[in-house]
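Chain by chain, the residues run as shown.
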Amino acid sequence: MGVDILKINYPDGRTFNNKPSQSPLSETSAKKKMIFGDRGMTLEEEINESNKYYRSHDIAVIYKKPTPIQIVKVDYPKRSKAVIREAYFRHASTTDYNGVYNGYYVDFEAKETKNKNIFPLKNFHQHQIDHLKMCQKQGGICFVIIKYVELKRYFVTPADEIFLHWDAQKNDGPKSIQLKDIVNSSIEVKSDYNPTLPYINAVQQLIESGKEKK
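These figures come from a predicted structure and were not determined experimentally.

**Looking at the overall build of the protein**
The number of helices and strands found in the protein is six helices and 13 strands. Buried residues in the protein amount to 37% of all 214 residues. Taking as baseline every contact in the protein between residues at least 6 positions apart, the subset at least 24 positions apart corresponds to 67%.

**A few points about the pattern of salt bridges**
What the rule picks out here adds up to nine salt bridges. One salt bridge in this structure joins Lys52 and Glu49, with 3.9 Å as the shortest N-O distance. Separated by three residues within a single helix, Lys52 and Glu49 lie in helix H2 (residues 43–56), roughly one turn from each other. For Lys52, a relative accessible area of 48% puts it in the partly exposed group. Between Lys64 and Asp96 there is a salt bridge, with its nearest N and O atoms 3.8 Å apart. Placement of the pair is Lys64 in strand S4 (residues 60–64) and Asp96 in the loop between strand S6 (81–89) and strand S7 (97–101), with a sequence separation of 32 residues.

**Quick notes on H2**
Helix length check: H2 (14 residues) gives 20 Å between terminal C-alpha atoms against 20 Å at 1.5 Å per residue, within 8%. Asp58 sits one or two positions beyond H2 and adopts a positive phi of about 55 degrees.

**Regarding the environment of Glu46**
Position of Glu46 relative to the elements: it lies in helix H2. Residue classification places Glu46 among the buried residues on the basis of a relative accessible area of 0%. For the pair Glu46 and Thr196, spaced 150 residues apart in sequence, the C-alpha to C-alpha distance is 5.8 Å. A distance of 2.5 Å separates polar atoms of two side chains, one belonging to Glu46 and the other to Tyr154.

**Concerning the sheet that holds strand S10 (residues 141–148)**
Taken in spatial order, the six strands make up an open sheet running S4-S7-S8-S10-S11-S13, and their pairing is mixed. Edge positions in the sheet fall to S4 and strand S13 (187–189), since each of these pairs with one other strand and no more. When strand polarity is set aside, the average angle formed by the axes of neighbouring strands in this sheet is 25 degrees. On the sheet, H2 packs against S4, S7, strand S8 (104–113), S10 and strand S11 (153–158) and is oriented at approximately 150 degrees with respect to S4. Strands in contact with helix H3 (residues 126–137) are S8 and S10; relative to S8, the strand with the most contacts, it is inclined by about 155 degrees.

**Regarding the environment of Ser185**
Looking at the element boundaries, Ser185 is found in helix H5 (residues 179–185). Between the C-alpha atoms of Ser185 and Phe155, which are 30 residues apart in sequence, the distance is 9.4 Å. What Ser185 contacts, discounting residues up to four positions off in sequence, is Thr157, Pro158 and Glu161. A distance of 2.8 Å separates a polar atom in the side chain of Ser185 from the backbone oxygen of Asp181.

**Concerning the UniProt feature "site: Transition state stabilizer" (unreviewed entry) in the protein**
Under the feature "site: Transition state stabilizer" (unreviewed entry), the UniProt entry names Lys111. Considering the arrangement of structural elements, one finds Lys111 in strand S8. Sequence-distant contacts of Lys111, defined by excluding residues within four places in its chain, comprise Leu43, Phe119, Asn123, Phe124, Gln128, Val144, Ile145, Ile146 and Lys147. In terms of polar contacts, Lys111 uses its side chain to reach the side chain of Glu109, at 3.0 Å.

What counts, and at which threshold
Residues numbered from 1 in each chain as written. Predicted model: local features only at pLDDT ≥ 70, side-chain atom pairs only at ≥ 80, totals over all residues. Heavy atoms only, no water. Helix = DSSP H or I, 4+ residues; strand = E, 2+ residues; numbered from the N terminus. Buried < 20%, exposed > 50% of the residue type's maximum accessible area, 1.4 Å probe, protein only. Contact = heavy atoms within 4.5 Å. Salt bridge = Lys/Arg side-chain N within 4 Å of Asp/Glu carboxyl O. Expected span 1.5 Å × (residues − 1). Polar contact = N/O pair within 3.5 Å; in protein donor to acceptor, adjacent residues only side chain to side chain. Pairing = 2+ DSSP bridges. Axes fitted to C-alpha atoms, helices over the stretch in contact; angles between N-to-C directions. UniProt positions renumbered as here; feature names shortened; annotations may be inferred.

Structure follows, in structure tokens:
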């Protein structure tokens, strides 16, 4: 049965545009978009492209978790075809990505900010923090990939660093993390061509540092 989707709303009321672009990228412009990594691509797109590369080269199997959708209105103009008239994205219950790398379970969030000197903690939700803590307790490799859009800088920040600041702000501490703290506690990643964002190198460093602590 075919399905057409006409309207999908985000939880905050914004409408999701599921129409294809009016001017598809040419092969040349598509290559330029990938070569320059952070130009014109969201962090999610960069990670998704990287994950495709990792899967195709048997390096890691990591996927973006699908966001649950609540269907509100469906019409059936034909027996063989359903039309979703209206639906809403629900809030994701856990984190953005998970999978396996070199025998290790990996679970992480991807966050962007246009701030140049801070990373606001309001970008997180308590259920995401709780999920990361539970996964890490079971031996998972947990972290956050942070993109400073204006600075064109990327960091793989260990979950423990996020926990530290999250718990502090709950006790009247700062509501954001200073860039210098992100730099000192994280592994910086440079955008590239293949993969677009080589974050697995940083994951390997997290694994190695974890072994040293033990």
